[in-house]
Amino acid sequence: MNLKELPKKITLNKKEQYLEIAWQDGHLSQYPFSLLRAACPCATCRGGHENMRSEPDPLVFDMTLADTPATRVEQVEMAGQYAITIHFQDGHHYGIYTWHFLRMLCPCPSCRAHIHGE
């Protein structure tokens, strides 16, 4: 197993509107709720099954979504041992965010540089 892609602790901070994952390798990722919604990996949000990928679309990092029920997280639940499902306030809860997907979605400068090969 790749420790880089195994969470140690998951924290939902509704007040500050971010999901935080402490990974087994010591890295800490903070995901703004708007980024999680912009990157939703479900077939509807991706525009069909043919557009679904194991990694997020790089364009989600350039998207700006307003604070609406669509970008407010109500709860997070485990999807087996490999992912989470995020329930948004507008009722959307169809995306399965795998650990690999979330690690590749980490918005920190270090991860963004590494993923872009810098």
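Since we're looking at a predicted model, the values are computed, not measured.

Caption draft 1: Layout of the packing of aromatic side chains. In this structure the tally under the stated criterion is one aromatic pair. Between Tyr-97 and Phe-101, the ring centres sit 6.0 Å apart and the planes meet at 75°, which makes this aromatic pair edge-to-face. Here Tyr-97 falls in the buried class, since its relative accessible area comes to 0%. Its end group placed over the ring of Phe-88, Arg-37 keeps NZ or CZ at 4.9 Å from the ring centre.

Caption draft 2: Region of interest: the pairing of strand β1 (residues 7–13). For β1 and strand β2 (residues 18–23), the ladder comprises six bridges, and the chain directions are antiparallel. The residue of β2 that forms the bridge with Thr-11 is Glu-20. Taken together, β1 and the strand that follows it, β2, pair antiparallel across an intervening segment of four residues, in which Gln-17 is found at a positive phi of about 60°.

Basis of the calculations
Residues numbered from 1 in each chain as written. Predicted model: local features only at pLDDT ≥ 70, side-chain atom pairs only at ≥ 80, totals over all residues. Heavy atoms only, no water. Phe/Tyr/Trp six-rings, centres within 6.5 Å; stacked < 30°, edge-to-face > 60°. Buried < 20%, exposed > 50% of the residue type's maximum accessible area, 1.4 Å probe, protein only. Lys NZ or Arg CZ within 6 Å of the ring centre and 35° of its normal. Pairing = 2+ DSSP bridges. Helix = DSSP H or I, 4+ residues; strand = E, 2+ residues; numbered from the N terminus.

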